[in-house]
Amino acid sequence: MFIYLSKKIAIPNSIHLKCVSWNKDQGFIACGGDDGLLKVLKLETQTDDTKLKGLAAPSNLSMNQTLGGHSGAVQVVTWNEQYEKLTTSDQNGLIIVWMLYKGAWYEEMINNRNKSVVRSMSWNADGQKICIVYEDGAVIVGSVDGNRIWGKELKGNQLAHVAWSPDSKILLFGMANGEVQIFDNHGNFIMKLTISCLTNVTGAIRIAGIHWYSGTGGYVEPDCPCLAICFQNGRCQIMRYETDENPVCIDTTMNVVSIQWNHCGSVLAVAGSLRALNSDVEINVVQFYTTFGEHLRTLKVPGKQMTGVAWEGGGLRLSLAVDSYIYFANIRPDYKWGFCCSTVVYAFTKPERQDYCVIFWDTKNNEKFVKYVKSLMSITTSGDFCTLASKAEDNQLQENAESESGNHAKFVLILCNSIGTPLDSKYIDISPLFVTMTRTHVIAASKEAFYLWLYRVANKLTALEINQVTRTKKEGRERVYHIDSSPTGVNDNGEDFAKAFTATRDPICCITATDKTLIVGRESGVIHRYSLPNVILIQKYTMNRAHHLSLNCNSSRLAIIDISGVLTLLDVEVHGSSGDTTGSQVSTGDPSKFERKDVWDMKWAKDNPDLFAMMEKTRMYVFRNLDPEEPIQTSGYICNFEDLEIKSVLLDEIMKDAERPNKDNLINFEIRSLRDSRALIEKVGIADASQFIEDNPHPRLWRLLAEAALQKLDLKTAEQAFVRCEDNQGIEFVKRLGNLQSEPMKQAEVAAYFSRFEEAERMYLDMDRRDLAISLRMKLGDWFRVLQLLKTGSGDCDDALLEQAYNAIGDYFADRQKWVNAVQYYLQGCHQEKLAECYYMLEDYDNLEKLTNSLPENHKLLQEIGQMFTTVGMCEQAVNAYLKCNQAKAAVDTCVHLNQWNKAVELARTHNMKEIKPLLSKYATHLLEKNKILEAVELYQKAHHFLDAAKLMFKIADEEAKKRTRPLRVKKLYVLAARLVENHHEQKKTLQQSKAKGKKSEATFALAGLLEEDTTPADSRVLDNAWRGAEAYHFFLLAQRQLYEGYTENAMHTALHLREYEDIIPAVEIYSLLAVCSSACRAFGTCSQAFIKLEALESLDPEQRLLYEDLALAIFTKHPPKDSRTLELDAASEGTGERLPTCIVSGLPIQDYHLWMCSVCKHCAQSHEMSKYNYCPLCHSSACGKAGAYPSSLKTDYTLNWSPVSHRADIDTVTERELIRRCQYQRQASVPLHHQ
């Protein structure tokens, strides 16, 4: 930062001032002094010049009101900005609250305790409460409307100062003896504040000021110090909070009278007096410190005694009460900012966020890009790039970013482009207090060492490659040098990183660099010059301590601004400029005699080593060969100096509304030679202007002359000027003009060259050259005007050009996502590809389908349209599009993707594709991995892979059975699985029949199918015993239903039949059911056998077995274990050695050969039992007819010999194939076989 005195206001009658306070919101300045003096002033800028803003604009007093009401010296003044109130107190203890009414200040409230004098008053952060402390220890806290909230007497204490905490929960009271006590906001004592800065201090101690920054302007860093306590002896401590055990301690070595934070808590002003060296005279000074106690500047102030200091609300001005004057000082803050590629990059803090908001403001397009960075330290720019230096976050991953010493890097350098996109980054250990950039290097310096990073800009690298570049080890890209070392460039790989932390007696204070030179300044005033890129110490110079360094474009001259604002120049190389006529050329290293004071910014021209601009207070000077031009009044920061134009940005104005930068705050200045050349061309003539430019050559001036000559069609002068400024395009343009014969045509071309397109078009049309007007508009991309010209012209227009115009306008609307408008123009332009895209974006799939139908076969757009339909799940339309362009595989893939497996199989078969089975298996595996077994079953079923579906269905049924799920549900699952097996049989039979084409008999088909199935033994269980699970649970349910309905004997017979299914239903349930049923029908022999089986089961635990034994003992002590009558049906069956089929309705063996058989599950029932059913009791399929109803062609009588090996009488459809497969038979005319 830089500070200088700018204005002085005298108080009438030379009345000495005691205090001063600046209202930070409304801008009023209150000052109090002897004899009851109280004045309210207001400075306002008054100018009509838009370029004169901020500090550069003249300011006058818009208010100068003297307030009467105090009789004694006014000692305390304080503002309440929120409620526009002023509170004052004098030496007699009188307190007056003033209010603003119709532009003037009036008394609102008066209070006089008449016991003691007020020493300090403070409003809290929201302006709701005021705390008043008296010298005798009295404390009063009141509200903004004048009511007392509470009062307290601190007996035995003399109060001197008071301060509120930012959250208004704590009060700090400064005592006359130097103590600081902490109270809560209700007046309860908490503790004494620890004073660390008074170590080894003796004698009387008085507090000069306490100021606790309220945080309304944000914080420069999270958890930064904001509570300042300063004593009259110059000792000061800055704390993070009231109990901070490690405060920042400062010894200002001055007699302090007042302190105050600026508007954002980044700078602390300490006002007082300082004894001059080797003299007893004390001078008034204001010292400026950062929140961490680093000294920034010292401002010397004339006068005898300074009594107060106050900051302006924006932190750009400071008011000082000295004797009977108010001095004003202007502040030029060190903003975090830079300029690259027409982009202003600047950072600021927000009260609601802890990190910095960095704005990348593209001044050309007036667009801004926002980036948030925590603990930002600096912004540095060069060319098209920007480097952000910040502290690394504690929780940030820093892979491969560890230092040589093994510690994690503490700081990070982020390389960004002009829109804030990070391109590269580097974690470092040294603190980047000073950073500069060249086109190839980023150089960061701490106080002890400087670090060079050869950055890489990945224009054509992938994100992965960029990441790899970022994590690359040192490999020569990183070098570090201690400031006390003397690098020679021999075997230079950079010093050991650990040495960078070695302390030095002469720290670094500033750096600058160009592509071939690095300059490092030290606090002693010594300046080191190194070569780049090989770092070699070339020379050392001794100057005053530098604050800012800058090298000109050819690295021959160095500009130095020292800490007091004096600008000097140093020739670091032999200056060979032929334009230097001042005789200031000196030998290498000798300082120039050039010197300017109060300089706070400067910038060398990029294209002239003898041209630079500098800011001196609020004036900008341009120097050519050390000769100044007339100054320009401005307070802007210089962004760029090129082509005889200076670009300046009014950062002070931008920071007032940082989130909405305005182009009015960006100002371009032309230097005198450019202005004079333009004036000569306009007022004198091209010839004289040419001579002037010849004497003061510069490419920009030659270009100006060339443009003026073109305007007047002086082609010879224009060509010479373009040659002098090396503008090849201009030379070619002049030659093209020379080939034109028509004067109006030349004028039209010149108008177009200078972007006067309307004028050029009008000239073309006047010459009846509509084609040239159209060509001009096409080059400009103004297709609306092209279309207008095509339609309004006489004669037929070119259809191809008309279509091009329609499509270009369609592109215009499509780029802006105005799809409806784009469709209208694409239709007229017959642009089918873009039409398809628009229909897709509009979700107009009907028109997209119509477009598909209108396209010819094998059109290249069909595949894209198919993809569009696929993405929205429209399978049929996608398939049609793919098939139309002969992409059958893509159509199948679409069906698979959209789970339309039937369609996929059909397409695969139609087009003889063999890829469907692997896809089917892959998708089924995917479903099974996610445990979606039912979806997999459905998938196999749709794809007609019935056997695979049946296997999965059996797996589900087995799992449900193990879970003891409801038996009816388990039966249904087994039935579904068995039905899938039957579908598999039917599919095999149909396939064999289609292959044979009627050449073989049905018996041969059946035998071939049977043999084919037998070749897959792994599937035999599923194929041969498909209905076994369904049978088991059918009879299990039937037995229980019969038992509850009272048909106990039938229930027992059904339960006896269940003994064949112990592999499906747990034996304990089967024999428990049999025991219940047999005991119910008093067949205790069968019941006894059931109990014997139960007691012998190994699966029972001892307790259950004991219970069964007890129950058996209880039953058979009353009833002998004999059946009441012989089981005739079983005896008959066992006597013949044959196993009779079981009726699925009654559960009894079928002895009558007049039976009914289901056409689906092939299970039998007695004809009279089925007369009351419309559906098969087992498989629930429809019963097509009554018993005895069968086709006449199959009225052949059979005697069935049931195989004892089989577990069931499994009768298939009455064809030769099923009879061969299922049973052995012989013809017998006497026994008819009834089937269904």
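Since we're looking at a predicted model, the values are computed, not measured.

Draft legend 1. The sheet that holds strand 36 (residues 422–428), seen in detail. Taken together, the four strands give an open sheet; going across it, the order is 33-34-35-36, and neighbouring strands pair in antiparallel fashion. With partners counted over all chains shown, the strands left at the sheet margins are strand 33 (376–382) and strand 36, one partner each. The sheet shows a mean angle of 15° between the axes of neighbouring strands, taken without regard to direction. The pairing of strand 34 (residues 385–391) with strand 35 (residues 411–416) spans six bridges and is antiparallel.

Draft legend 2. Representation of unusual backbone geometry within the structure. Between Leu 532 and Pro 533 the backbone carries a cis peptide bond, its omega angle lying at 0°. Of note in this structure, Ser 342 is not a glycine but carries a positive phi near 65°. Take Ser 342: it is sitting in the loop between strand 29 (337–340) and strand 30 (343–349). Its relative accessible area of 23% is what places Ser 342 among the partly exposed residues.

Draft legend 3. Summary view of the packing of helix 16 (residues 860–871) against helix 17 (residues 875–884). At a minimum axis separation of 8 Å, helix 16 and helix 17 run at an interaxial angle of 165°. Accordingly, the angle class assigned to the pair helix 16 and helix 17 is roughly antiparallel. You can see that helix 16 and helix 17 cross each other, and the crossing is left-handed. Contacts from Leu 862, Gln 863, Gly 866, Gln 867, Phe 869 and Thr 870 of helix 16 reach helix 17 at Gln 877, Ala 878, Ala 881, Tyr 882 and Lys 884.

Draft legend 4. Representation of the environment of Ile 149. With respect to the element layout, Ile 149 can be found in strand 13 (residues 148–153). Discounting chain neighbours no more than four positions away, the residues touching Ile 149 are Lys 129, Val 141, Gly 142 and Ser 143.

Draft legend 5. Expanded view of the nonpolar core. One finds Leu 848, Tyr 974 and Trp 1027 to be the most contacted residues of the largest nonpolar core, which totals 142 residues. Here the element with the most residues in this core is helix 22 (residues 946–962); it accounts for ten residues. Sequence-distant contacts of Tyr 974, defined by excluding residues within four places in its chain, comprise Phe 954, Ala 957, Asp 958, Ala 961, Ala 1026, Gly 1029, Ala 1030, Tyr 1033 and Ile 1064. In this structure, Trp 337, Met 615, Ala 658 and Ile 671 belong to the second largest nonpolar core, which totals 61 residues.

Draft legend 6. Seen up close, the sheet that holds strand 14 (residues 159–164). Judged by pairing direction, the sheet is antiparallel, and its four strands sit side by side in the order 14-15-16-17 without closing on themselves. Each edge of the open sheet is held by one strand with a lone partner, namely strand 14 and strand 17 (189–192). Averaged over all pairs of adjacent strands, the angle between their axes in this sheet comes to 25°, without regard to strand direction. As defined by bridge partners, strand 15 (residues 170–175) adjoins strand 16 (residues 180–184) across five bridges and the pair is classed as antiparallel. Looking at strand 16, one finds that Phe 173 is bridged to Gln 181.

Draft legend 7. Summary view of the pairing of strand 54 (residues 637–642). Burial of strand 54 is extensive: five of the six residues sit out of reach of the surface. Sheet topology places strand 54 next to strand 55 (residues 645–649); five bridges connect them, and they run antiparallel. Bridged to Phe 641 within strand 55 is Ile 646. In textbook terms, the turn of a hairpin is the stretch between consecutive antiparallel strands, and for strand 54 and strand 55 this stretch comprises two residues, one of which, Asp 643, has a positive phi near 55°.

Draft legend 8. Structural context of the packing of aromatic side chains. Going through the model one piece at a time under the given rule, you end up with 35 aromatic pairs. Judged by centre distance (5.2 Å) and plane angle (90°), the ring pair of Phe 784 and Tyr 812 falls under edge-to-face. Here Phe 784 is found in helix 11 (residues 783–792), whereas its partner Tyr 812 is found in helix 12 (residues 799–815), with 28 residues between them in sequence. According to the relative accessible area criterion, Phe 784 is partly exposed, its value standing at 37%.

Draft legend 9. Just helix 13 (residues 819–829), in detail. For helix 13, the full list of buried residues reads Trp 819, Ala 822, Val 823, Tyr 825, Tyr 826 and Gly 829. Summarising the contacts, the buried residues of helix 13 are in contact with helix 11, helix 12 and helix 14 (832–842). Positive phi appears at Cys 830, one or two residues downstream of helix 13, with a value of about 55°.

Draft legend 10. The arrangement of the pattern of salt bridges in detail. If you walk through the whole model with that rule in mind, you get 47 salt bridges. Put simply, Glu 312 and Arg 317 hold a salt bridge, and the shortest N to O gap is 3.1 Å. Of the residues examined, Arg 317 reaches a relative accessible area of 13% and is grouped as buried. Each of Glu 758, Glu 761, Arg 777, Asp 782 and Arg 785 takes part in one network of salt bridges that share partners.

Draft legend 11. How the structure looks around the side chain of Arg 522. Note that Arg 522 resides in strand 42 (residues 517–522). Of the residues examined, Arg 522 reaches a relative accessible area of 7% and is grouped as buried. Engagement of the side chain of Arg 522 in a polar contact is seen with the side chain of His 528, the distance being 3.4 Å. Excluding anything up to four places from it in sequence, Arg 522 contacts Ile 483, Asp 484, Thr 504, Asp 506, Pro 507, Ile 508, Cys 509, His 528 and Arg 545.

Draft legend 12. Representation of the side chain of Ser 258 in the model. With respect to the secondary-structure elements, Ser 258 resides in strand 22 (residues 255–261). For Ser 258, a relative accessible area of 13% gives the class buried. Setting aside residues no more than four positions away along its own chain, Ser 258 makes contact with Ala 208, Ala 269, Val 270, Ala 271, Thr 307, Gly 308 and Val 309.

Draft legend 13. Fine view of a nonpolar patch on the surface. On the surface, a nonpolar cluster with roughly 270 Å² of combined accessible area is contributed by Phe 189, Ile 190 and Met 191. By secondary structure assignment, the location of Met 191 is in strand 17.

Draft legend 14. Local environment of the packing of helix 6 (residues 715–724) against helix 7 (residues 728–738). Two elements in contact, helix 6 and helix 7, have axes whose closest approach is 9 Å; the angle formed by their N-to-C orientations is 160°. If you check the angle between helix 6 and helix 7, you find them roughly antiparallel. By crossing handedness, the relation of helix 6 to helix 7 is classed as left-handed. Across from Leu 715, Ala 718, Glu 719, Phe 722 and Val 723 in helix 6, the residues of helix 7 making contact are Gly 730, Ile 731, Val 734, Lys 735, Leu 737 and Gly 738. Classifying every residue of the contact of helix 6 with helix 7 gives seven nonpolar, two polar and two charged.

Scoring rules and cut-offs
- Residues numbered from 1 in each chain as written.
- Predicted model: local features only at pLDDT ≥ 70, side-chain atom pairs only at ≥ 80, totals over all residues.
- Heavy atoms only, no water.
- Pairing = 2+ DSSP bridges.
- Helix = DSSP H or I, 4+ residues; strand = E, 2+ residues; numbered from the N terminus.
- Axes fitted to C-alpha atoms, helices over the stretch in contact; angles between N-to-C directions.
- Buried < 20%, exposed > 50% of the residue type's maximum accessible area, 1.4 Å probe, protein only.
- Parallel < 35°, antiparallel > 145°, perpendicular 65-115°, else oblique.
- Left-handed = near helix turned anticlockwise from the far one by under 90°.
- Contact = heavy atoms within 4.5 Å.
- Core = buried A, V, L, I, M, F, W, Y, C linked by side-chain atoms within 4.5 Å.
- Phe/Tyr/Trp six-rings, centres within 6.5 Å; stacked < 30°, edge-to-face > 60°.
- Salt bridge = Lys/Arg side-chain N within 4 Å of Asp/Glu carboxyl O.
- Polar contact = N/O pair within 3.5 Å; in protein donor to acceptor, adjacent residues only side chain to side chain.
- Patch = residues over 30% accessible without salt bridge, like charges linked within 9 Å, V, L, I, M, F, W, Y side chains within 5 Å.
- Areas by Shrake-Rupley, 256 points an atom, 1.4 Å probe, with all protein chains shown as cover.
- Nonpolar A, V, L, I, M, F, W, Y, C, P; charged D, E, K, R; others polar.

Remember that the coordinates give geometry; whether it matters functionally is a separate question.
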